[in-house]
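Structure at a glance
Chain by chain, the residues run as shown.
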Amino acid sequence: MRDFFRFLVENEKLLPWVKASALAIAIVVLFWGLSRLLRYLLVSWAPRITRFSRTDLADHIVQRVRPPVELLTITAGVYLAVRTLPVYDQAGMFLAGTVFIVNVVIITNVAYRVADEILAWYARRVEERTGMGMGVQVLPLARKVFTIFLACTALVVVLRHFGYDVLSLLTALGLGSLAIGLAAKDTLANMISGFTLLIDRPFRIGDRIQLAGGKTGDVVDIGIRSTRIRTMDNTLLIIPNSELCNSAVQN
């Protein structure tokens, strides 16, 4: 040990590195301890608090977010530890940037899990009150839309962190979304009409309806883009939702 300190005294340039490394290790150990404390609180004390809630939503959210939150605590400590190191070359910047991206991914995952539990809980409540199969028909689409939103948000945060021009990217995405919207306007119209049919409920699955053309059949399925109707002669009709919303249907 004396030889080690003598070596440090003789090489004064290494002292800042040793101090920074010791501080970085201390930060990682501290945040690791915080993650253990957070795990204890979420496992032992969170259920005692959430049991006072009228629903089980809080319990499901705590169970879903506990693993990524614990990991986020550790990776946040790693990021702060890396920033304390006197590294100014490309390797240090790459390491800090990589840890930052990992943190953004974990935060995005936590947000997705929270939103997923809220959407699933809301879909169950709608199904219990109305008997409408919203969980099977609407929930997957809502998950995809929110996933795309979170991915775009995470991408913007990462690009801003590395100094890229986000405004130009948003402009390009806006123009691209406009082009896609114009190209897929019929699909979007059917999807919006599908939401209208699911919410307004002019008919349900199993109802016998008469279409504007005079054909009569039983509703087999109400999808996001189309509705399936089986006629009296056992023919399966697949009708776009926009046509059903814009035509007279007798129930």
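Going by the structure above, here's the rest.
The structure contained in this document is the topic of the report that follows.

What counts and how
Residues numbered from 1 in each chain as written. Predicted model: local features only at pLDDT ≥ 70, side-chain atom pairs only at ≥ 80, totals over all residues. Heavy atoms only, no water. Helix = DSSP H or I, 4+ residues; strand = E, 2+ residues; numbered from the N terminus. Contact = heavy atoms within 4.5 Å. Buried < 20%, exposed > 50% of the residue type's maximum accessible area, 1.4 Å probe, protein only. Salt bridge = Lys/Arg side-chain N within 4 Å of Asp/Glu carboxyl O. Pairing = 2+ DSSP bridges. Core = buried A, V, L, I, M, F, W, Y, C linked by side-chain atoms within 4.5 Å. Polar contact = N/O pair within 3.5 Å; in protein donor to acceptor, adjacent residues only side chain to side chain.

We now examine the overall build of the chain. Counting its secondary structure elements, the chain contains nine helices and four strands. Listing each helix as α and each strand as β along the chain from the N terminus yields α-α-α-α-α-α-α-α-β-β-β-β-α. For the chain, restricting intrachain contacts to residue pairs at least 6 apart in sequence, the fraction spanning at least 24 positions comes to 59%.

Once that is clear, we can look at the environment of valine 28. Structurally, the position occupied by valine 28 is in helix H2 (residues 14–50). Valine 28 sits in the partly exposed class, given a relative accessible area of 29%. In this structure, valine 28 is in contact with Gly77, Val78 and Ala81, ignoring residues within four places of it in sequence.

This part takes up the pattern of salt bridges. Applying the stated criterion across every chain, the model contains seven salt bridges. In this structure, glutamate 117 and arginine 64 form a salt bridge, with 2.8 Å as the shortest nitrogen-oxygen distance. Taken as a pair, glutamate 117 in helix H4 (residues 90–130) and arginine 64 in helix H3 (residues 57–84) lie far apart in primary sequence, 53 residues in all. A relative accessible area of 10% places glutamate 117 in the buried class.

Attention now moves to the pairing of strand E2 (residues 216–222). Across three bridges, strand E1 (residues 208–210) lies against E2 in antiparallel orientation. Pairing of isoleucine 209 across the sheet is with glycine 217, part of E2. As consecutive antiparallel partners, E1 and E2 are separated by five residues, and within that stretch glycine 214 has a phi angle of approximately 100°, a positive value. Looking at chain direction, E2 and strand E3 (residues 226–231) are connected through five bridges and run antiparallel. Bridging from a neighbouring strand, valine 219 pairs with isoleucine 229 of E3.

With ten residues, the main nonpolar core is built from Leu197, Phe203, Ile209, Leu211, Val219, Ile222, Ile229, Leu237, Ile239 and Leu244. Of all elements in the fold, only E2 and strand E4 (236–240) reach the threshold of two or more residues within this core. Beyond its immediate chain neighbours, meaning those up to four positions away, leucine 197 contacts Pro202, Phe203, Ile222, Thr227, Asn241, Leu244 and Cys245. Residues Val99, Phe100, Val104 and Ala154 belong to the second largest nonpolar core, which totals six residues.

Moving on to the side chain of threonine 75. Here threonine 75 shows up in helix H3. Separated by 3.0 Å, the side chain of threonine 75 and the backbone oxygen of leucine 72 make a polar contact. Sequence-distant contacts of threonine 75, defined by excluding residues within four places in its chain, comprise Val99, Val102, Asn103 and Ile106.

Attention now moves to the pairing of E3. A regular strand carries its side chains on alternate faces of the sheet. In this structure, E3 lies alongside E4, joined through five bridges in antiparallel fashion. Counterpart to arginine 230 in the pairing with E4 is leucine 236. Between E3 and E4, which pair antiparallel and follow one another directly, the connecting turn spans four residues, one of which, asparagine 234, has a positive phi of 65°.

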